[in-house]
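# Structure at a glance
What follows is the residue order along each chain.
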Amino acid sequence: MPAADDLHRRYMAANTAYRRHAAACAACTTTVPSQDCRAGKRLYEAFFTLQEAYLNHLK
């Protein structure tokens, strides 16, 4: 299941990237990006998309 392993790795990396951003960003929280933060929205969207793909793969 190498494709699923890679998808999981990318999903976790996107999660880490967003959480690191949120920890340093005054506007974003760990669960919701600020509407005013373009970087936060971009990182969260990447995380969300990969999470959905991974969870759909498990079905």
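Residues numbered from 1 in each chain as written. Predicted model: local features only at pLDDT ≥ 70, side-chain atom pairs only at ≥ 80, totals over all residues. Heavy atoms only, no water.

### Section: the state of the cysteines
- Within the structure shown, the criterion is met by zero disulfides.
- As a non-bridged cysteine, Cys25 has Cys28 as the owner of its nearest cysteine sulfur, 3.7 Å distant.
- Exposure remark for Cys28: the relative accessible area of 7% places this residue in the buried category. (Disulfide = S-S within 2.5 Å. Buried < 20%, exposed > 50% of the residue type's maximum accessible area, 1.4 Å probe, protein only.)

### Regarding the packing of aromatic side chains
- Here the structure, examined in full by the defined rule, presents four aromatic pairs.
- Measuring from ring centre to ring centre gives 5.9 Å for Tyr11 and Phe47, while their planes differ by 20°; the resulting arrangement is stacked. Of this pair, Tyr11 sits in helix H1 (residues 2-24) while Phe47 sits in helix H2 (residues 38-58), placing them 36 residues apart in sequence.
- Judged by relative accessible area, which is 11%, Phe47 ranks as buried.
- Ring centres of Tyr44 and Phe47 lie 5.8 Å apart, and the angle between their planes is 65°; this geometry places the pair in the edge-to-face category. Taken together, the residues Tyr44 and Phe47, both in helix H2 and three residues apart, mark about one turn of the helix.
- Residue Tyr44 is classed as partly exposed on the basis of its relative accessible area of 23%. (Phe/Tyr/Trp six-rings, centres within 6.5 Å; stacked < 30°, edge-to-face > 60°. Helix = DSSP H or I, 4+ residues; strand = E, 2+ residues; numbered from the N terminus.)

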